[in-house]
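# Survey of secondary and tertiary structure
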Amino acid sequence: MKIRTLGTSLDNLKDDVVVVGVFEGWGKTAGAAAEIDRATGGLIKAAKTDMTGRLYTTTMLYASDGLAARRVLVIGLGKKQDLTLDRLRGIAARAVLTARETGLHSAALPLQLAPGTAFEPSHRAAALAEGAQLGLYSFRHYKTALDNGNTKIFKQITISTGREHSSLVAAAVRNAEALCAGVCLARDLVNHPGNAATPTYLAETARRIAKTSGLSCTVFDEKKMRRLGMGALLAVARGSHEPARFIVLEHAPAQAARSAPVVLIGKAITFDSGGISIKPALNMEEMKTDMAGGAAVMGALQVCARMKLPLRVIGLIPATENLPGGSALKPGDIVKSMSGKTIEIITTDAEGRLILADALHFARRYKPQAVIDLATLTGACIIALGNDVSAVMGTSEPLIERLRKASDLSGEKIWPMPMHVEYDELIKSDIADIKNVGSRAAGSITAGCFLRKFTSGMPWAHLDIAGTAWAQQPKPYTPKGATGVGVRLLVQLLRTWQRLKP
Ligand code: BES
Ligand code: ZN
Ligand code: ZN
C-alpha cells in the first residue's frame, strides 16, 4: 500500500473518499468538515441530525458535485477533551477500515480531520499515518487463491496537509511508514505458525532484512553456541530436532560505529510446549507467539536502519523451540549458563529466562550503554496487568523512566513492577546457584529477579509482553492476532536517545 502527503485542497483530491471528523455535541462544522461544506454547499451540515459525533461512529455521504472524490466519510471523534494522539490513531484506523469494508481502495485523511486540537501538525500526521497502516494490516499468507482474489485490498492513503504542508510533516509520514513496516514485520513473524517460523526461518529473515535495510547480521549455530558456553540456551534446545539459532543484528551508523551500543534482546521460543513440564492442551496453539520478543527486536532494528538513527543498536535473538523430545531437559536437571552460574531446573516451562540468561551475559561483550530485553515471559503478567499493558522492571531507574515517556508517546502502555531483594529469596536453590522458578507468588517479578542475576554492571530493563503480544479481540488499530508490541515503544525510545548518566 502507498502512503503519500499532498497539499492539494480537499475538493481536488482524487481518492475514493475524504475522511472528516466531528466531535460529540458539535455545533458548526470546523476544520476539514468545514472545508467540505464550503466546497459542496453544506453537505455535512445538511446531515447533522444523523451524526452524533460519538467515538468511531461513521456516516458515508455522497456529493453530487464540488468534490473530485465524491464520497465523504464522517467519523465521530468522541468528546473533544478526550482526544489524544493515540485515539487519533484509532480514529484513522476505523475510518480506513470502514472504507475498505465498503470496497474502496483509497482514502484521504486530512491533518484537520480533528479540528482545533493543540497537537503539532507532524504529530497529527504521524498518528493518522500509523493508525491507518496498522489498522489495515491483515495476515493473508495462508489464505488460498479464492480469498486472495477478493477486492478488500487497500491501495493508497493520502495524508492531506492543506496549508499545514511542510517538510517536517512529509518526514513524519515517511518515518511512520518505516515504523509501521517494522511493526508489520514483527506481526507477520508472530502470526506465522511454529512449523513455518522456526529458528532457522527467523535467522533467514534476519539475514534478509539485514541485506535490504543495511544492517549487519551474524547467526550462530549450535556448535558455535557450545564453544561460547551457552549451556542454558542449549539445554532448552535439546528437546527439539529443530536446530537452535542465536541471531545478532547490528545497526552501526558511521558516526557512531565504535561507540557503546544500546543492546535489545528478544526471547524467541518459536513454539513453547512447556517441554517435559508440558502445558495443558487448551489454547496451546497460542504458544507460537512465544517468539514475539525476538520479532519485536527484528522489527525495531529494521526501523533503526530505515530511519538512519545516529545511534549504534544491537539486537540479540536467542531462538529455539521448547519441546519434550527424548533428549529434553528434565525437572531436577542442573545446567551451566554462559556466565558460569549453575541453574537448577524446577520446571522446563520456565525456559524463556534460560535462553535470556545466556543472551544477557553475551551482551556484556559490547560494553553497552543500556540493555533492554523483551519477552513473553510469564502468564502471571497477564493476571497482574491484563492484555493492554506490559510490565517493566530493571536496574536503571532513568532507563525505566525513559521507557515510560516513550510509552506515553507511542501508545504502547507499560507499568512498573518492584524488584526488592526479598524476592531473590524465592529463587534460591539448595544445590545450584539459582533455580529457574519460585512459588506461584510474584511470578513475573521472580522471573525478572532471575534475569537480573545475569545483568550485573549493565543498566538494564526488562519488558514482559506476555499479555500484550497477542490480541484475542481486535483493538482500535490492531486487528486480532499478533500486535507487534514493542517495536513502536523501542523506536520511540531510540529516536530521542541520549547517553544515560552513570
Ligand atoms: N511462554 C510462557 C509464558 C506465557 C504464558 C506467554 C501465556 C504468553 C501467554 C512461559 O515460558 C511460561 O511458560 N511461563 C510459565 C512460568 C511458570 C512455570 C513459572 C508460566 O507463566 O506459567
Ligand atoms: Zn514456558
Ligand atoms: Zn515461553
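Refer to the preceding data block for the structure.
In short, a report on the structure. (Residues numbered from 1 in each chain as written. Chains lettered and ligands numbered in written order. Predicted model: local features only at pLDDT ≥ 70, side-chain atom pairs only at ≥ 80, totals over all residues. Heavy atoms only, no water.)

### Focus on the environment of A482
The condition is simple: The helix and strand labels rest on DSSP assignments: H or I over at least four residues marks a helix, E over at least two residues marks a strand, and numbering proceeds from the N terminus. Think of it in three bands: with a 1.4 Å probe and only protein chains considered, a residue is buried below 20% of the maximum accessible area for its type, exposed above 50%, and partly exposed in between. Two residues form a contact once any of their heavy atoms are found within 4.5 Å.
Along the chain, A482 turns up in strand β20 (residues 481-482). A482 sits in the buried class, given a relative accessible area of 2%. Apart from residues lying up to four places away in sequence, A482 is in contact with R187, V190, N191, A469 and W470.

### Quick word on the layout of surface pockets
The following threshold applies: Residues are said to line a cavity or pocket when one of their atoms sits within 4 Å of a point; the points come from a 1 Å grid over protein atoms alone, cavities being sets where a 1.4 Å probe fits but cannot get out and pockets being open sets with protein on both sides within 12 Å along at least five of seven lines. Grid points are joined across faces, edges and corners, and a volume is the space filled by probe spheres set on the points. Charged residues are taken to be Asp, Glu, Lys and Arg, nonpolar residues to be Ala, Val, Leu, Ile, Met, Phe, Trp, Tyr, Cys and Pro, and polar residues to be all remaining types, Gly included.
Counted as a void, the largest pocket has a volume near 1100 Å³. K279, L377, T378, G379 and A380 are the residues nearest the centre of the largest pocket, which is lined by 40 residues in total. Split into classes, the residues belonging to the lining of the largest pocket amount to 16 nonpolar, 15 polar and 9 charged.

### Description of the site of ligand 1
Worth spelling out the cut-off: If even one non-hydrogen atom of a residue comes within 4 Å of a molecule or strand, that residue is called near it. Polar contacts here mean pairs of N or O atoms no more than 3.5 Å apart (in protein, one a potential hydrogen donor and the other a potential acceptor; neighbouring residues in sequence count only if both atoms are side-chain atoms). The Shrake-Rupley method, run with a 1.4 Å probe, gives the accessible areas here. Residue values count only the displayed protein chains as cover. Cavity and pocket membership follows a simple rule, namely that a molecule belongs there if more than half of its atoms are within 2 Å of the grid points.
Close to ligand 1 lie 16 residues, the nearest being D272, K279, D290, D349 and G379. A distance of 2.9 Å separates an oxygen atom of ligand 1 from a polar atom in the side chain of D272. A distance of 2.9 Å is found between a nitrogen atom of ligand 1 and a side-chain nitrogen or oxygen belonging to D290. Coverage of ligand 1 by the protein amounts to 76% of the 510 Å² it exposes when considered alone. At a threshold of 2 Å from the grid points, most atoms of ligand 1 map onto the largest pocket. When grouped by side-chain class, the residues that make up the shell around ligand 1 number 5 nonpolar, 4 polar and 7 charged.

### Remarks on helix α10 (residues 292-306)
Heads up, the rule is: To estimate how far a helix should reach, multiply one less than its number of residues by 1.5 Å.
Spanning 15 residues, α10 covers 21 Å between terminal C-alpha atoms, matching the ideal 21 Å at 1.5 Å per step. Within α10, 14 of the 15 residues are buried, leaving the element largely enclosed by the surrounding structure. Where α10 terminates, the next one or two residues include K308, which has phi positive at roughly 55°.

### Describing the coordination of the zinc ion (ligand 3)
Around a metal, the idealised angle for a tetrahedral arrangement of four donor atoms is 109.5 degrees; for an octahedral arrangement of six donor atoms it is 90 or 180 degrees. The following threshold applies: Sites may look incomplete, because water is not among the atoms used; the donor set itself consists of N, O and S atoms within 2.8 Å of the metal (3.2 Å for Na, K and Ca). A four-donor site is classed as tetrahedral when every donor-metal-donor angle falls between 85 and 135 degrees; four donors are called square planar, and six octahedral, when trans pairs exceed 155 degrees and all remaining angles lie between 65 and 115, with any other arrangement labelled irregular.
With distances of 2.0 to 2.4 Å, the protein atoms coordinating the zinc ion (ligand 3) are K267 (NZ), D272 (OD), D290 (OD) and E351 (OE). If you look at the zinc ion (ligand 3), its 6 donor atoms make angles of 78 to 174° with each other, and the shape they trace is octahedral. Ordering the donors of the zinc ion (ligand 3) by residue number gives the pattern K-x4-D-x17-D-x60-E.

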